[in-house]
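The chain contents come next:
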There are 2 protein chains.
Amino acid sequence: MIDRITADRPQPDGTLLGPGDDAAVVAAPDGRVVATVDTLVQGVHFRLDWSGPEQVGRKAVAANLADVAAMGAIPTALLLSLACPASTSTEVVDGLAAGIWDAASEAGVGVVGGDTVSADQIVVSITALGDLEGRAPVRRSGAKVGDVVAVRGVLGWSAAGMEVLRRGFRSPVAMVAAHRTPRPPFTEGPVAARAGATAMVDTSDGLLADLGHIAAASRVRIDVRSELVPVADKLRDVASALGKDALAWALTGGEDHALVACFREEDAVPDGWTVCADVRLGTGVSVDADRWGGAGDPGWRHWR
Amino acid sequence: MIDRITADRPQPDGTLLGPGDDAAVVAAPDGRVVATVDTLVQGVHFRLDWSGPEQVGRKAVAANLADVAAMGAIPTALLLSLACPASTSTEVVDGLAAGIWDAASEAGVGVVGGDTVSADQIVVSITALGDLEGRAPVRRSGAKVGDVVAVRGVLGWSAAGMEVLRRGFRSPVAMVAAHRTPRPPFTEGPVAARAGATAMVDTSDGLLADLGHIAAASRVRIDVRSELVPVADKLRDVASALGKDALAWALTGGEDHALVACFREEDAVPDGWTVCADVRLGTGVSVDADRWGGAGDPGWRHWR
């Protein structure tokens, strides 16, 4: 099956040996390799009645590429582990493969290897490799008091799209597409690294939760200024129509895979990034100086 | 959960950045990285009533390390994707993690990253990375007419162990252990590469099937001399007791992850390897010059 998935797919120059042997060989010009794995499970992370298989494939790749980008690295290769029931239709398998390949190709990488196995439900696990181009990795632990925090990419769109689908709608298309196939701005990860980002993460769990990871690793407090958080007009429209809070989606919605990075000063923030928080003495994350204690925090709910 | 799995585990020097960030960073001194993924599914590849969780973890690692070894590379790091039901006991998760870590540590590598997700059944997917130490990868396609073929590691032991377990027995221990936790001679992969191996593979599908992969990729025929195939006395004893054919196990039993390599001449074969076949003009695999057409081949069954 892996042969069929990888047949006739062009491999970039960095794929020194592609699928078909016991293992692949990928260029690691930096002398170091960035590596991450991310797994999507049918019924848990995706539903094939909400998303087509191509979209699921794209989503699995997007989550991985965002993790590579959040280190400041460029992606170099993907490996695929695909578990699915023997009864899975050819259309679904080919669709998954097409989505994975299309997203990989757009990022300039190949699927260099894989394993397909039989299982009771579809489990798509993707490993992404990346190259740091000689730079230090941008870790979660590098934020310093006085840094500014900027975001690149959409916030809350995936959560809005999921709510739309949950209610049986199919539009607005932009939000539904953002849920089905998030398009993280992964080329901006190296941009931020070159601009001197001190810490970076992608918003897989939601802006506040992921800023919490930086705050914990860096032993600082991050204060979000809610009026600076980018909330698209479209997001406000959907929230209003569904009786939801657009800012709450932007602050806590997951799976957008936007990039959030800290910089020593506002002048260092690259074009296209939006400053929305700053780094202070203390611990945890606050919104407009009010402590945020996580999704179940009463202090959070009062203004949600 | 990944935090608990990776906590307090020492990482080797090659792990430049371990678990806890968006991605790991691993040394790739060669400027290339070898990468492979292998997935085990509960009920398909393992049964927790036949194998303990530690054994399953070890087995998943062994299969991956054998793939890295079969390229002539040394392993450098593992990444783990663990899908399991929410009801999975702490003992099972900790056991899987312990088995993975123990096998990784013995190979001198760390588990540098991972993802744990909820699913209906346990799916263990491991990605292994490796380093070629400046050598060319040993591919399946390099065998030439006139090469000798040698094997290192046990053959048929895993198949024998599975048959023992299927019949409700727990001994002989060596065979059962070989099925539960194969111990591939992965350090011998680089040894074969340094000795000039022209092609190499590990026996995951069985000696004849895996030689078939070399034959197909190299466009040659490989003739196995059955009297040279290493068949351990213990294997003969078990086969005799169960009314099975020890040679058939050695030729077609999978999951031993022995290494099989081609060399230009017998003098090049490293110590401890057993010559058991040679490379000829033609296609496919034969046994004592009789064509073997795969597991369902009548010509194969007649002497099985």
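Keep in mind it's a predicted model, so treat the numbers as computed, not measured. (Residues numbered from 1 in each chain as written. Chains lettered and ligands numbered in written order. Predicted model: local features only at pLDDT ≥ 70, side-chain atom pairs only at ≥ 80, totals over all residues. Heavy atoms only, no water.)

Chemist: Tell me about the interface of chain B and chain A, and name the residues and values.
Modeler: Listed per partner, the contact involves 49 residues of chain B and 49 residues of chain A. Taken together, both faces of the contact between chain B and chain A bury some 3700 Å²; the carbon and sulfur share is 59%. In terms of surface lost to chain A, no three residues of chain B exceed B:Asp22, B:Val33 and B:Val37, which account for 16% of the buried area on that side. Linking chain B with chain A are 4 salt bridges. Connecting chain B to chain A are 25 residue pairs in polar contact (both at pLDDT 80 or more). Sorting the residues of the side of chain B that touches chain A by element identifies strand S1 (15–17), strand S2 (24–27), strand S3 (32–41), helix H2 (53–70), strand S4 (74–84), strand S5 (110–118), strand S6 (123–131) and strand S8 (199–202) of chain B as the ones contributing at least two each. For the side of chain B that touches chain A, the element with the most residues is S3(B), which contributes 9 residues. (Contact = heavy atoms within 4.5 Å. Buried area = accessible area lost by both parts, 1.4 Å probe. Salt bridge = Lys/Arg side-chain N within 4 Å of Asp/Glu carboxyl O. Polar contact = N/O pair within 3.5 Å; in protein donor to acceptor, adjacent residues only side chain to side chain. Helix = DSSP H or I, 4+ residues; strand = E, 2+ residues; numbered from the N terminus.)

Chemist: With reference to specific residues and values, describe the UniProt feature "domain: PurM-like N-terminal" (unreviewed entry) in chain A.
Modeler: If you check UniProt for "domain: PurM-like N-terminal" (unreviewed entry), the listed places come out as residues 20–130 of chain A in our numbering. As a span, residues 20–130 of chain A carries 32% helix and 38% strand, and end to end its C-alpha atoms are 21 Å apart. (UniProt positions renumbered as here; feature names shortened; annotations may be inferred.)

Chemist: Which residues make up the UniProt feature "binding site: substrate" (unreviewed entry) in chain A, and what are the values?
Modeler: In this structure's numbering, the residues bearing the UniProt feature "binding site: substrate" (unreviewed entry) are A:His45, A:Glu255 and A:Trp300. The exposure class of A:His45 is partly exposed, given its relative accessible area of 23%. When sequence neighbours within four positions are dropped, the list of residues in contact with A:His45 reads A:Thr39, A:Leu40, A:Lys59 and B:Val117. One can find A:Glu255 in the loop between helix H9 (246–252) and strand S10 (259–263). Among all residues touching A:Glu255, those that are not within four sequence positions of it are A:Lys59, A:Ser158, A:His179, A:Pro182, A:Thr203 and A:Ser204. (Buried < 20%, exposed > 50% of the residue type's maximum accessible area, 1.4 Å probe, protein only.)

Chemist: So what's going on with the domain arrangement of chain A? Residues and values would help.
Modeler: Residue and element names in this part refer to chain A. Parsing chain A into structural domains produces domain 1 (2–131) and domain 2 (140–301). The gap between the C-alpha centroids of domain 1 and domain 2 is 26 Å. The interface is formed by 18 residues belonging to domain 1 together with 20 residues belonging to domain 2. Taken over both partners, the interface formed by domain 1 and domain 2 buries close to 1600 Å², and the fraction arising from carbon and sulfur atoms is 63%. Broken down residue by residue, the surface that domain 1 buries against domain 2 is led by Trp50, Lys59 and Ala70, which jointly contribute 38%. On the surface where domain 1 and domain 2 come into contact, there are 2 salt bridges. Here arginine 183 and glutamate 106 are joined by a salt bridge, their closest N and O atoms 3.4 Å apart. Remark: the boundary between domain 1 and domain 2 carries 4 residue pairs in polar contact (both at pLDDT 80 or more). Element by element, the count of residues in the side of domain 1 that touches domain 2 is highest for helix H2 (residues 53–70), at 10 residues. Residues of the side of domain 1 that touches domain 2, tallied by class, amount to 10 nonpolar, 3 polar and 5 charged. (Domains from an automatic or database assignment. Nonpolar A, V, L, I, M, F, W, Y, C, P; charged D, E, K, R; others polar.)

Chemist: Explain the environment of A:Ser218 residue by residue, including any values.
Modeler: Residues and elements named next belong to chain A. Considering the arrangement of structural elements, one finds serine 218 in helix H7 (residues 207–218). As a C-alpha pair, serine 218 and alanine 86 span 132 residues in sequence and 46 Å in three-dimensional space. Non-local contacts of serine 218, meaning those with residues more than four positions away in its chain, are made with Arg140, Ser141, Gly142 and Ala143. Within the structure, serine 218 has its side chain in polar contact with the backbone oxygen of arginine 140 (distance 2.7 Å).

Chemist: Before we move on, can you summarise helix H8 (residues 233–242) of chain B with the specific residues and values?
Modeler: Residue and element names in this part refer to chain B. Taken together, the buried positions of H8 are occupied by Leu235, Val238, Ala239 and Leu242. Viewed end-on, H8 has its buried residues packed into an arc of 100°, placing them on one side of the element. Counted as exposed and oriented over 90 degrees from the buried face of H8: Asp233, Asp237, Ser240 and Ala241. Where H8 is buried, its residues meet helix H4 (157–166), helix H5 (173–180) and helix H9 (246–252). The first or second residue beyond H8 is glycine 243, which carries a positive phi of 70°. (Arc of directions from axis to C-beta.)

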